[in-house]
Amino acid sequence: MSTLYSYFRSSAAYRVRIALNLKGLDYDTVPVHLVRDGGEQLKPAYRALNVNGLVPTFLDGEVNIHQSLAIIEYLEEVHPTPALLPAGPLARAQVRALALDIAADIHPIDNLRVLRYLKHELGVSEAQKNAWYVHWILEGFTALEARLAAQSSQGKFVFGDTPTLADCCLVPQVYNANRFKVDMTSFPRIAAIDAHCQTLDAFRRAAPEAQPDAE
Ligand SMILES: N[C@@H](CCC(=O)N[C@@H](CS)C(=O)NCC(=O)O)C(=O)O
């Protein structure tokens, strides 16, 4: 059985949980508390597994993989069905690009360590920190919504009628947006895709509130 080092609210770990569930793969969860005691991810015991001090880390036997998208691509190669990438190089590139719009261009700027640096090193207020967070989601979602609205066929998911890597990234980012009370009325396609994903057991079981370490 594989092991996922996770934190219930980590959207990067949430992506991997969705992918594991969609593929029907059992795994053990080892919670890493990102806040308690200054953050367990920064302690030597966890850094020995992942020197970056970030979750998730995925162990599959002797294999240790970090970076949520690399973990999902590994799962895709080792367990190809159900596929989380479409057939054909162009479609695969399009799905990866939409996933990266979130995972590379929205999420890292709003990560916990960035927010901590803003607050504790640069002295921004709680209100300014929250404004930063919401700003980068609005910026990213505005572009993503335009891309989704321009698609020639409007499927149930980000790309077509089956869930892909891009949905694994979208749903956790919408969770974060809701947590920070982002007004989603300008993002009807994103909201509709999220709502459809929430009807699926694989997404519901991956949700933060369904995790063993949920608070
Ligand atoms: N690009 C990485 C991002 C990992 C990441 O930033 N994880 C966050 C939680 S979503 C984390 O561990 N943050 C801890 C911190 O900022 O100290 C991935 O996709 O796995």
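Residues numbered from 1 in each chain as written. Predicted model: local features only at pLDDT ≥ 70, side-chain atom pairs only at ≥ 80, totals over all residues. Heavy atoms only, no water.

- Within an unreviewed UniProt entry, the label attached to the protein reads Maleylacetoacetate isomerase, and the organism entered is Pandoraea communis.
- Annotation of the protein in UniProt includes, under Sequence similarities (unreviewed entry), the sentence "Belongs to the GST superfamily. Zeta family." (UniProt positions renumbered as here; feature names shortened; annotations may be inferred.)

Thoughts on the domain arrangement of the protein
Inference 1: Domain boundaries in the protein define domain 1 (2–82) and domain 2 (89–203).
Inference 2: A straight line from the C-alpha centre of domain 1 to that of domain 2 covers 20 Å.
Inference 3: In this complex, domain 1 contributes 18 residues to the contact, which on the side of domain 2 involves 21 residues.
Inference 4: Taking both sides of the interface into account, the surface hidden between domain 1 and domain 2 amounts to around 1800 Å²; carbon and sulfur atoms contribute 62%.
Inference 5: On the domain 1 side of the interface with domain 2, the three residues burying the most area are Arg 9, Tyr 14 and Arg 15, jointly 31% of the side's total.
Inference 6: Where domain 1 meets domain 2, there are 1 salt bridge.
Inference 7: Two residues, Glu 73 and Arg 96, come together in a salt bridge whose shortest N-O distance is 2.8 Å.
Inference 8: The interface formed by domain 1 and domain 2 holds 5 residue pairs in polar contact (both at pLDDT 80 or more) in total. (Domains from an automatic or database assignment. Contact = heavy atoms within 4.5 Å. Buried area = accessible area lost by both parts, 1.4 Å probe. Salt bridge = Lys/Arg side-chain N within 4 Å of Asp/Glu carboxyl O. Polar contact = N/O pair within 3.5 Å; in protein donor to acceptor, adjacent residues only side chain to side chain.)

Considering the site of the ligand
Inference 1: Around the ligand, a shell composed of 15 residues is seen, among which Val 55, Gln 67, Ser 68, Asn 111 and Arg 113 lie nearest.
Inference 2: Gln 41 is positioned such that a nitrogen or oxygen atom in its side chain is 2.9 Å from an oxygen atom of the ligand.
Inference 3: A distance of 2.8 Å separates an oxygen atom of the ligand from a polar backbone atom of Arg 113.
Inference 4: Burial of the ligand by the protein amounts to 91% of the accessible area it has alone, namely 520 Å².
Inference 5: Among the secondary structure elements, those contributing two or more residues to the shell around the ligand are helix H1 (11–22) and helix H5 (112–121).
Inference 6: Here the element with the most residues in the shell around the ligand is H1; it accounts for 3 residues.
Inference 7: Along the lines of polarity and charge, the residues of the shell around the ligand split into 6 nonpolar, 7 polar and 2 charged. (Near = heavy atom within 4 Å. Areas by Shrake-Rupley, 256 points an atom, 1.4 Å probe, with all protein chains shown as cover. Helix = DSSP H or I, 4+ residues; strand = E, 2+ residues; numbered from the N terminus. Nonpolar A, V, L, I, M, F, W, Y, C, P; charged D, E, K, R; others polar.)

Comments concerning the packing of H1 against helix H3 (residues 68–78)
Inference 1: One way to put it is that H1 packs onto H3 with a least axis distance of 9 Å and a crossing angle of 10°. With respect to each other, H1 and H3 are oriented roughly parallel. Facing H1, whose interface residues are Ala 12, Arg 15, Val 16, Ala 19 and Leu 20, H3 presents Ser 68, Leu 69, Ile 71, Ile 72 and Leu 75. (Axes fitted to C-alpha atoms, helices over the stretch in contact; angles between N-to-C directions. Parallel < 35°, antiparallel > 145°, perpendicular 65-115°, else oblique.)

Observations concerning the sheet that holds strand E4 (residues 63–66)
Strand pairing in a sheet relies on backbone hydrogen bonds. The paired strands run either parallel or antiparallel.
Inference 1: Spatial ordering of the open sheet is given by E2-E1-E3-E4, a layout of 4 strands whose pairing is mixed. Each edge of the open sheet carries a strand with a single partner, namely strand E2 (27–31) and E4. On average, each strand axis in the sheet is inclined to that of its neighbour by 20°, with strand direction left out of account.
Inference 2: Strand direction decides the pairing type here: strand E1 (residues 2–6) and strand E3 (residues 57–60), joined by 3 bridges, are antiparallel. Bridging across to E3, Thr 3 finds its partner in Leu 59.
Inference 3: Seen against the sheet, H1 touches E1, E2 and E3 and runs at an angle of roughly 150° to E1.
Inference 4: Seen against the sheet, H3 touches E3 and E4 and runs at an angle of roughly 135° to E4. (Pairing = 2+ DSSP bridges.)

Let's talk about the side chain of Glu 76
Inference 1: Among the structural elements, Glu 76 can be located in helix H3.
Inference 2: Glu 76 sits in the buried class, given a relative accessible area of 8%.
Inference 3: Within polar-contact distance, the side chain of Glu 76 engages the side chain of Lys 23 at 2.8 Å.
Inference 4: Here Glu 76 is in contact with Lys 23, Pro 82, Ala 83, Leu 84 and Leu 85, once residues within four sequence places are set aside. (Buried < 20%, exposed > 50% of the residue type's maximum accessible area, 1.4 Å probe, protein only.)

Thoughts on the UniProt feature "domain: GST N-terminal" (unreviewed entry) in the protein
Inference 1: Residues annotated in UniProt with the feature "domain: GST N-terminal" (unreviewed entry) correspond here to residues 1–83.
Inference 2: Taken end to end, residues 1–83 is 33% helix and 22% strand, and its two terminal C-alpha atoms sit 21 Å from one another.

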